[in-house]
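# Geometric and topological summary
The primary structure of each chain is shown beneath.
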Amino acid sequence: MLRKISLLLALAAQAAEPNLIDKYVDANAAAGRVPYAAIAGDSEFLRRVTLDVTGQLPDTKTVRDFLGSTAPDKRETYIDSLFPPLPVPGMRSIKEAPFLDRWTYFFNDLFRNGELLEEGINTFYDHIYKSFTLNLPYDEFVRNLITATAVSTWSDGSANFIARSHVFEGDGYQMNHEDTADEIAINTTRLFLGVSLECVSCHDGANHLEKVNLWLSQRKRAEMIRQASFFGKTYISPVFGRSPQFTVKDTRPGYDLTTRSGLRPPRDKTMDATAAFLLTGEKIPAGEKPRQAYARMLTSHPQFARAAVNLIWAELMGQGIVDGPFDFDLARQDPKNPPPAPWTVQPSHPELLEALAADFRENNHDLRRLIRLIVSSNTYQRSMAPPKGWNTNHEDAFTRRIARRLSAEQLFDGIARTAKIRQSIKITFSEKKAASILQTRSPQDLDKTDKPLFRALQAFGQCDRYAIEADRKPSMIQAAILLNDKLIRERLVVAKNPDLLELLKQKPDSEIVDELFLAALSRFPSENEKAQALAAFSENREQGVEDVLWLLINRLDFLFY
Amino acid sequence: MTPTRRQLLRLGALSVAGYELSEAFQPANVQAQSRVKTRASADAVILLNLQGGPSQMDMFDVKHGKWAPENRDVRTTKFGFEFPYGFLPRTADHLADLAIVRSGQAWETVHSRGQYYLQTGHAVSPARIKESPSIGSVVAHEYRDRMRASDFLPPFVAMNYEPTTMYGPLQGEGCLPPDCSPLTLDLAQGNLPFFVDEKDRERLLRRWRMLQEADTSRLNLGDASPAVMRRFDSFSRSVFKMMNHPKMSGVLQMTPEERKTYGASPFGDACLIARNMVAADAGARFLMVTQPGWDHHSSIYGKNLDGGLYKTCPVFDSAFAGLMADLKRLRLLERTLVIVMGEFGRTPGDLTPVAGREHYAGTMFMVFAGAGVKGGRAIGATDPQAAHITNFGWSGKRPIYVEDVCATIYSALGIDSSKRITHTPSGRDFLYVDPAAGTKVVNFREIADLYA
């Protein structure tokens, strides 16, 4: 009965009142006569929003409740439930908050919080986790990272952000101060303004970037050096010799143009290296510390909010309004002031980007509000299924869900949840255990405890927090792992799995099949699917469960969402 | 349940042997520059990647000094050059087939940058890292049109490369279509998802049938379905075919005796599988096998420590000698180019205070065999410390660089190395062999002298 109702509801999924996002997406789609995909049914919506906001599949009770609910505002209510409460005085610590795990992991990937920091990983992690627990305004969060000082990054987490950009000389012993300052400028400009300065950190943009990025092709290396010069006084030093435990303070004399060593070509000794903010030319006012000034200029510039909303949009929608999030071309943002041909305006929806950025700024740079705004929109809730008349030219319109493969972490956490495997991963340099991959502090936790799983995560594009960015591209080896790898075969063995054995003892076959489908796909099986699964059970129930689990995790609608 | 036409097509496709390339991929835009005449003397290239930077003066460019350990057993071979019989006793049996380049030089002294160079033949450029394909992926792209019905292996196979923060990731297809990505196998982890134990095969087939019958998300794939899903489905079908190809278990089979001959190590096992893949003549064209552990910063001659040449040399020696012997015995060496090299050399002369050697770009060795390479030779020479090249020993009259190795690989496989990929994401062409190494312009070319 419940199922019938939920099916009816799924068919009747209606577009909600258009929100800020829908207004711009709809106007754009109407102008380009782009067809719309239907609003996703409850199962598709529930699975997607849970994965995107918390990184995990919804558990079967949540799925049953949601599908069974007839409340007209159940999607909004459900979205609200994904966010943990803000701590208030006297409240006990939040025990389980997949939202916090997922977004801390996301920023740990971006900030490359990995094995090169050793024990600093945990203090850095804790700092980020705490910032999200408090829902610190994003601009304040970023200012804290940029201005942090520490006697030791192993006891004070926030300074790991600056320390992480350190560059050793080729000998691996000495720090190269100017390369390090360059690196901090590059990383902060990339992460928080969406602009990649790597090329102009060695040479002018002219004669290099004309076909790549109009704005950067007009930038000079000297401008990049003046951006780096904000970190000329930043002192990063290993506490004990080569140990990745760092002291971070502001005691260096300044940016030295005569440095000859390091990875970059020699700098122009005659240039003016006075710190000046790349986007405005603003210099450090008397009395303000350089890093404080930089953090203030960076976070108050409109591009800061644009880059932030575009980054979160890309993570939730599968593609940025400017795609990718760190490839902004600042000479191609304003439709009222378009770039010369053959260049085109870069964002697919420039007005939407502007409106989202304004909303973010006006609302205290509230990340949770931004995430909620995006996932509540009709635009986010459209189906993956193609509408009539769809062609590849429509792909930037955001009128159809862009299918994404589960991330490496989502996939193996999802397999564990579907197969009722209890995960317990030892966290390096800590007595704590992680109950999911998204709770680990860095890839090294699994590298040190479960090598086969670590290698499988790598095969599925896990970010290594060093040179490899998180990636959702399919590959042959991924398909092979899911079909036949020992790792998967062993994970699906019922005899070794107390929770599955219990399920077999407690429930009739038909309900077991329901339970497995709900866990994997957030929906009940169809008649055909049920019949096939029951047939698999007929010879041997344990083997049947294993085969159905294998079938489920190899389905494309398990792997893509 | 009556199967639909689409289902029948899918099930039918299973009986066709062969590594399947998806139709869904857009071809990259490739243009030839000057039409280089290729040698086309090889059907396959095996690159043994000695990761970390092997010591040239202890191996293929052996030198003397008060630092030298006693038991390297350096003797003059019948070819007139010296060789460390103590470190590489079994390799010594194959010198008649080896052309040993001693005038090699590296551009980089940082592992990750050197490995990037070795795998792509190109300098690291932050702007282009994401889009630059590796040598193996270019080979895969070039061989798309030459795929035969009997091929069931992908053209690019990479074994035992462990991506680490120090060495960087395995370089893949860059801007080329995803079917040019490497097939990765990790023998150290026993990670062979392509191997199906006969006792498990029936179950895998049953599961696959279930998937074909019931996975509506696969059955309903159409032109408007997301490209990533179609691609994943295509990969699944390819690997399933591979797993069930009658010859596949032969490729992944290793007898205990064979393993012993190859040294019974992950590197030896990978060399054995490389041999099997070449012997199967099943479409594998560029096989990179990595041996980690050559970064001997300390105790390079220490016998009781985990590192050192006393540990890495025997592993290499057994595997390489085993591979050479088998390729010859099976008459495969004539059409297989084997290359041995690392990402750079090591500092010559006295050891560091911790009895090691640091990274060094000035000299490095490269070893070539097979596919018409004339063996029993040392090409180029260095000073008594192996610190500087004293004789380039080839028609290029300059050091031999990784770009030259790259051009040699392409030529041996019949690939025009003057080609370029246009319309890359960055807007800059990707040249198969880039004449600009950093700020220098060098006329890189095939090391034709190997064959003369």
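Reading guide: rules and limits
- Residues numbered from 1 in each chain as written.
- Chains lettered and ligands numbered in written order.
- Predicted model: local features only at pLDDT ≥ 70, side-chain atom pairs only at ≥ 80, totals over all residues.
- Heavy atoms only, no water.
- Helix = DSSP H or I, 4+ residues; strand = E, 2+ residues; numbered from the N terminus.
- Areas by Shrake-Rupley, 256 points an atom, 1.4 Å probe, with all protein chains shown as cover.
- Lys, Arg positive; Asp, Glu negative; His and termini not counted.
- Charge placed at Lys NZ, Arg CZ, Asp CG, Glu CD.
- Core = buried A, V, L, I, M, F, W, Y, C linked by side-chain atoms within 4.5 Å.
- Buried < 20%, exposed > 50% of the residue type's maximum accessible area, 1.4 Å probe, protein only.
- Domains from an automatic or database assignment.
- Phe/Tyr/Trp six-rings, centres within 6.5 Å; stacked < 30°, edge-to-face > 60°.
- Lys NZ or Arg CZ within 6 Å of the ring centre and 35° of its normal.
- Salt bridge = Lys/Arg side-chain N within 4 Å of Asp/Glu carboxyl O.
- Disulfide = S-S within 2.5 Å.
- pLDDT = per-residue confidence, 0-100.
- Contact = heavy atoms within 4.5 Å.
- Axes fitted to C-alpha atoms, helices over the stretch in contact; angles between N-to-C directions.
- Parallel < 35°, antiparallel > 145°, perpendicular 65-115°, else oblique.
- Nonpolar A, V, L, I, M, F, W, Y, C, P; charged D, E, K, R; others polar.
- 1 Å grid on protein atoms, 1.4 Å probe; cavity = no way out; pocket = protein on both sides within 12 Å on 5 of 7 lines; lining within 4 Å.
- Points joined across faces, edges and corners; volume = space filled by probe spheres on them.

For the rest of this paragraph, the subject is the overall build of chain B. When helices and strands are counted, chain B shows 11 helices and 19 strands. Entry remark: accessible area of chain B is about 16900 Å², with carbon and sulfur atoms responsible for 52%. Here chain B contributes 52 positive and 47 negative side-chain charges, whose respective centroids are spaced 3 Å apart.

Residues Phe412 and Phe558 of chain A together with Leu48, Phe60, Phe194 and Phe316 of chain B are the most contacted members of the largest nonpolar core, which totals 131 residues. For this core, the element with the most residues is helix α9 (residues 266–280) of chain B, which contributes 9 residues. Structurally, this core is a two-domain feature, drawing no fewer than three residues from each of domain 1 (2–82 + 373–397) and domain 3 (408–559) of chain A. Counting residues in each nonpolar core, the second largest holds 102 residues, with Ala163, Leu209, Leu370 and Ile374 of chain A among its members.

All chains considered together, the criterion is met by 42 aromatic pairs over all chains. Centre to centre, the rings of Phe106 of chain A and Phe107 of chain A are 5.2 Å apart; their planes meet at 90°, and the pair counts as edge-to-face. Considered together, Phe106 of chain A and Phe107 of chain A belong to a single accessibility category, that of buried residues. In this arrangement the basic side chain of Arg75 of chain B is found over the ring face of Tyr85 of chain B, its NZ or CZ atom lying 4.1 Å from the centre. The aromatic ring of Tyr143 of chain B is capped on one face by Arg146 of chain B, whose charged end is 4.4 Å from the ring centroid.

Moving on, we come to the pattern of salt bridges. Under the defined criterion, the tally for this structure stands at 74 salt bridges over all chains. A salt bridge links Lys74 of chain A to Asp42 of chain A; the nearest nitrogen and oxygen atoms lie 2.6 Å apart. Note that Lys74 of chain A is positioned in helix α5 (residues 74–81) and Asp42 of chain A in helix α3 (residues 42–54), a separation of 32 residues in sequence. Like Lys74 of chain A, the residue Asp42 of chain A is buried in the burial classification. When the shortest N-O distance is used, the salt bridge between Arg306 of chain A and Glu354 of chain A registers 3.0 Å. Of this pair, Arg306 of chain A sits in helix α14 (residues 302–317) while Glu354 of chain A sits in helix α15 (residues 350–362), and the two are 48 residues apart along the sequence. Connected through shared salt-bridge partners, Arg523, Glu529, Arg555 and Asp557 of chain A together with Asp215, Arg218, Asp233 and Arg237 of chain B make up one network.

This part covers the state of the cysteines. Defined simply, a disulfide is a covalent bond joining two cysteines at their sulfur atoms. All names here are of chain B. By the definition in use, this model includes 0 disulfides over all chains. Cysteine Cys175 is unpaired, with the sulfur of Cys180 as its nearest cysteine sulfur at 9.6 Å. Overall, the relative accessible area of 25% leaves Cys175 in the partly exposed class. Take Cys180: its relative accessible area is 0%, and that puts it in the buried class.

Looking now at the confidence of the model for chain B. Across chain B, the average pLDDT comes to 90, with 92% of residues at or above 70. Both confidence scores are given for the complex: pTM 0.90, ipTM 0.93.

Time to look at the environment of Gly393 of chain B. Residue and element names in this part refer to chain B. When you line up the elements, Gly393 lands in the loop between β15 (389–391) and α11 (402–412). When the C-alpha positions of Gly393 and Arg102 are compared, they lie 8.6 Å apart, and in sequence the two are 291 residues distant. Apart from residues lying up to four places away in sequence, Gly393 is in contact with Ile379 and Gly380.

Packed helices, taken two at a time, are described by the angle between their axes plus the distance between the axes. Residue and element names in this part refer to chain A. Across the interface, α3 lies against helix α6 (residues 98–110) with an axial gap of 7 Å and an inter-helix angle of 60°. The angle between the axes of α3 and α6 places the two elements in the oblique class. For the pair α3 and α6, contact is made by Leu51, Asp52, Val53 and Thr54 and by Pro98, Phe99, Arg102 and Trp103, respectively. Along the lines of polarity and charge, the residues of the contact of α3 with α6 split into 5 nonpolar, 1 polar and 2 charged.

Turning to empty space enclosed by the protein, a few remarks are in order. All names here are of chain B. Under the definition given, this model contains 5 cavities of 30 Å³ or more. If you add up the space inside the largest cavity, you get close to 80 Å³. Taken together, Gln105, Ala106, Trp107, Glu108, Gly114, Tyr117, Leu118, Met341, Gly342, Glu343, Met364 and Val402 form the lining of the largest cavity. A total of 3 residues in the lining of the largest cavity trace back to one element, the largest contributor, which is helix α2 (residues 111–120). Partitioning the lining of the largest cavity into residue classes produces 7 nonpolar, 3 polar and 2 charged.

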